[in-house]
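Understanding the architecture of this molecule
As a plain string of letters, each chain reads:
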Amino acid sequence: MFRSLSVAALLACALPAQAEFSFERTSEDVKSYVESNLLGIFYHEFGHALIDVMELPIFGQEEDAADVLSVFLIDAFYEEEAAVQLAYDTAFGFLGEAEQSEDIAFWDVHGPDLQRYYNLVCLFYGANPDEREDVAQELGLPEERAEYCPDEFDQALHSWGGVLDEISVSGGGQSLKLQPLEDKGAAAQFTHSVMATELAALNEEFELPSPIDIRVEACGEVNAFYDPLNREITMCTEFTDELTLMAPQ
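Numbering of residues begins from 1 in every chain and follows the order in which that chain's sequence is written. Thresholds applied to this predicted model are a pLDDT of at least 70 for local features of residues and 80 or more for the giving and counting of side-chain atom pairs; totals over whole chains, interfaces and linings are not thresholded and use all residues. With hydrogens and water stripped out, all remaining heavy atoms of the structure feed into the side-chain values.

**Thoughts on the packing of aromatic side chains**
Classification of ring pairs rests on two measures: the distance between centres of Phe, Tyr or Trp rings, Trp counted by its six-membered ring, which must be within 6.5 Å, and the angle between planes, read as stacked under 30 degrees, edge-to-face over 60 and tilted in between. Going through the model one piece at a time under the given rule, you end up with 6 aromatic pairs. Ring centres of F42 and F46 lie 5.9 Å apart, and the angle between their planes is 10°; this geometry places the pair in the stacked category. Taken as a pair, F42 and F46 lie in helix α3 (residues 28-53) at a separation of 4 residues, close to a single helical turn. As far as burial versus exposure is concerned, F42 and F46 are alike and both buried. Aromatic pair F77 and F206: ring centres 5.7 Å apart, planes at 40°, arrangement tilted. Taken as a pair, F77 in helix α4 (residues 62-77) and F206 in the loop between α10 (186-205) and β2 (212-217) lie far apart in primary sequence, 129 residues in all. Taken together, the ring pairs in this structure connect F42, Y43 and F46 into an aromatic cluster. When the NZ atom of lysine or the CZ atom of arginine is within 6 Å of a ring's centre and also within 35 degrees of its normal, the charge is said to sit over that ring. The side chain of R132 reaches across the aromatic face of F124, ending 3.8 Å from its centre. In this text, helices come from DSSP runs of H or I with a minimum length of four residues, and strands from runs of E with a minimum of two, each type numbered from the N-terminal end. Between buried and exposed lies partly exposed: a residue is buried under 20% and exposed over 50% of the maximum accessible area for its type, with that area taken using a 1.4 Å probe on protein chains only.

In structure tokens:
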């Protein structure tokens, strides 16, 4: 399956006149940046969901494993131009988070944002080093790290490739279920549409052993998370607002 980014363009004329001023007045470049980061965030949470429903053994931090899957899926599912755009936007998202954080929370389950930035760039470059040398250079990947990135990607392929092969089904299924949207704001509608497009494509390829619900709703905080008790991924609309403010102008 090869995907292209199109939701932002499709929604440019679809948002209602009464939508939230802070989001509906954003440029298409900003919406593209927000879309890319929403997908990166979703794939990270999807990684947590797969670890849970597939009962996968994890050696090390689960958050790191979910980050790896996010990059792996971007490389696997998207045409090269769209994949590169996703990688750039998601990397800039980590940089934006790093710039906003005065102190590094070394106790947190997530690694420092700058480390996640370099891990993303390394894995993405390592997936196709002949074609992505300019990406590595423009995003400042040191040569000392770049040398080992193809091996790092091969390790990710060995770990995650078999998992995705196991859930790949001819004709797909409907195990990823997007729940109805109650919030009528522009940010919520945009996020819901991004998820609807992506989940439709994933359902064409995969059938999970247990269904996963995906919700788009206000959470009272900038967040996205997987709930193993209810087996659902929540994409908080506050994240969309935050990404809009963080977007490079």
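Read on, since the account is not over.
**Notes on the packing of α3 against α10**
Any two packed helices are characterised by the angle at which their axes cross and by the distance between the axes. The N-to-C vectors of α3 and α10 enclose an angle of 55°; their axes lie 10 Å apart at closest approach. With respect to α10, the axis of α3 lies oblique. Between α3 and α10 lies a crossing of right-handed hand. Judged by residue contacts, K31, V34, E35, L38, L39, F42 and Y43 of α3 engage F190, T191, V194, M195, E198, L199 and L202 from α10. Grouping the amino acids of the contact of α3 with α10 by side-chain chemistry returns 10 nonpolar, 1 polar and 3 charged. Here the axes come from fitting lines to C-alpha atoms, over the contacting stretch only for helices, and the angles between their N-to-C directions go from 0 to 180 degrees. Any angle that falls under 35 degrees is termed roughly parallel, while one over 145 is termed roughly antiparallel, one within 65 to 115 roughly perpendicular, and all others oblique. The handedness criterion is simple: a crossing whose near helix is rotated anticlockwise from the far helix by less than a right angle is left-handed, and one whose near helix is rotated clockwise is right-handed. Contacts between residues were defined by any pair of non-hydrogen atoms, one from each residue, lying within 4.5 Å. Classes in brief: Ala, Val, Leu, Ile, Met, Phe, Trp, Tyr, Cys and Pro nonpolar; Asp, Glu, Lys and Arg charged; the others, Gly included, polar.

**What about the state of the cysteines?**
Whenever a pair of cysteine sulfur atoms sits within 2.5 Å, that pair is classed as a disulfide. A full pass over the atoms with the stated rule returns 2 disulfides. The disulfide bridge from C122 ends at C149, spanning 2.0 Å between sulfur atoms. Across the S-S bond linking C122 and C149, the dihedral sits near -120°, which makes this disulfide left-handed. Of this pair, C122 sits in helix α6 (residues 113-127) while C149 sits in helix α9 (residues 149-167), and the two are 27 residues apart along the sequence. C149 shares its class with C122; the two are buried. Each sulfur of the disulfide joining C219 and C236 lies 2.0 Å from the other. The sign of the S-S torsion, about -90°, decides the handedness of the disulfide formed by C219 and C236: left-handed. Taken together, the positions of C219 in the loop between β2 and β3 (224-227) and C236 in strand β4 (residues 232-236) put the pair 17 residues apart, joining distant regions of the chain. Using a relative accessible area of 27% as the deciding quantity, one classes C219 as partly exposed. Ordinal numbering of bonded cysteines along the protein defines a disulfide pattern of 1-2, 3-4.

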